[in-house]
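Residue-level listing of the chains:
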Amino acid sequence: MAKKAATKSKPAAKKAAKPAAKKAAKPAAKKAAAKRKPNPALMKPVQPDAILGVVVGSKPAPRGQITKKLWDYIKKNGLQDAKNKRNINADDALKAVFGGKKTVTMFEMTKLVSKHIS
């Protein structure tokens, strides 16, 4: 009978501790979000090479903008796979960027695109 009494008191203790933790965490999260600044290394313009320049343009741009232009191109031409949204089906211009691969995942895409940026 001692075991039953001990198990009943544990859930009550956990329930009492949760609301106090939530109240303390919320103000700290707001302060940390207000101080965050973008990483200057990611804002530095990089030069795409001629192969990637066909898709995103040949002017220097930050990495984020290059990725955004690449996704705009993919969506404009309907290259995202309908069944598995993580896959990108390459057309002729993207095949050159992807090293001849017909289909790549969006995670592979970033690795392959980084080879064309200097």
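Draft legend 1. Layout of the overall build of the protein. Each helix and strand in the protein was counted, giving 6 helices and 2 strands. Along the protein, helices (α) and strands (β) appear in the sequence α-α-α-α-β-α-β-α when read from the amino end. Counting every position in the protein, which comprises 118 residues, the buried fraction comes to 22%. Summarising the internal contacts of the protein: among those between residues at least 6 apart in sequence, 26% fall at separations of at least 24.

Draft legend 2. Molecular detail of helix α4 (residues 63–76). Between its terminal C-alpha atoms α4 stretches 20 Å, which fits the 20 Å expected from 14 residues at 1.5 Å a residue. For α4, the complete set of buried residues consists of I66, L70, W71, Y73 and I74. Projection of α4 onto a plane perpendicular to its axis shows the buried side chains occupying an angular sector of 155°, all on one side. Of the exposed residues in α4, those oriented more than 90 degrees away from the buried face are K75 and K76. In this fold, the buried residues of α4 make contact with α3 (50–56), β1 (87–89), α5 (92–97) and α6 (106–114).

Draft legend 3. Summary view of α6. Burial in α6 covers these residues: M109, L112 and V113. Take α6 and look down its axis: the buried residues cluster within an arc of 95°, on one side only. Facing away from the buried surface of α6 by more than 90 degrees, the exposed residues are F107 and K111. In the core, the buried residues of α6 are packed alongside α3, α4, β1, α5 and β2 (103–105).

Draft legend 4. The environment of N77, seen in detail. Among the structural elements, N77 can be located in the loop between α4 and β1. Separated by 14 residues in the primary sequence, N77 and D91 have C-alpha atoms spaced 8.8 Å apart.

Draft legend 5. Fine view of the packing of α4 against α6. At a closest axis distance of 12 Å, the pairing of α4 and α6 adopts a crossing angle of 130°. In this view, α4 runs oblique relative to α6, as classed from their interaxial angle. The element α4 and its partner α6 pack so that their crossing is right-handed. Contact residues: L70, W71 and I74 in α4; M106, M109 and V113 in α6. Of the residues in the contact of α4 with α6, the class split is 6 nonpolar, no polar and no charged.

Draft legend 6. Structural detail: the side chain of H116. In this structure, H116 sits in the segment after α6. Of note is the side chain of H116, whose polar atom sits 2.9 Å from the backbone oxygen of V97. Ignoring anything within four residues of it in the chain, the contact list for H116 reads Q47, P48, D49, I51, L52, A96 and V97.

Quick notes on the rules
- Residues numbered from 1 in each chain as written.
- Predicted model: local features only at pLDDT ≥ 70, side-chain atom pairs only at ≥ 80, totals over all residues.
- Heavy atoms only, no water.
- Helix = DSSP H or I, 4+ residues; strand = E, 2+ residues; numbered from the N terminus.
- Buried < 20%, exposed > 50% of the residue type's maximum accessible area, 1.4 Å probe, protein only.
- Contact = heavy atoms within 4.5 Å.
- Expected span 1.5 Å × (residues − 1).
- Arc of directions from axis to C-beta.
- Axes fitted to C-alpha atoms, helices over the stretch in contact; angles between N-to-C directions.
- Parallel < 35°, antiparallel > 145°, perpendicular 65-115°, else oblique.
- Left-handed = near helix turned anticlockwise from the far one by under 90°.
- Nonpolar A, V, L, I, M, F, W, Y, C, P; charged D, E, K, R; others polar.
- Polar contact = N/O pair within 3.5 Å; in protein donor to acceptor, adjacent residues only side chain to side chain.

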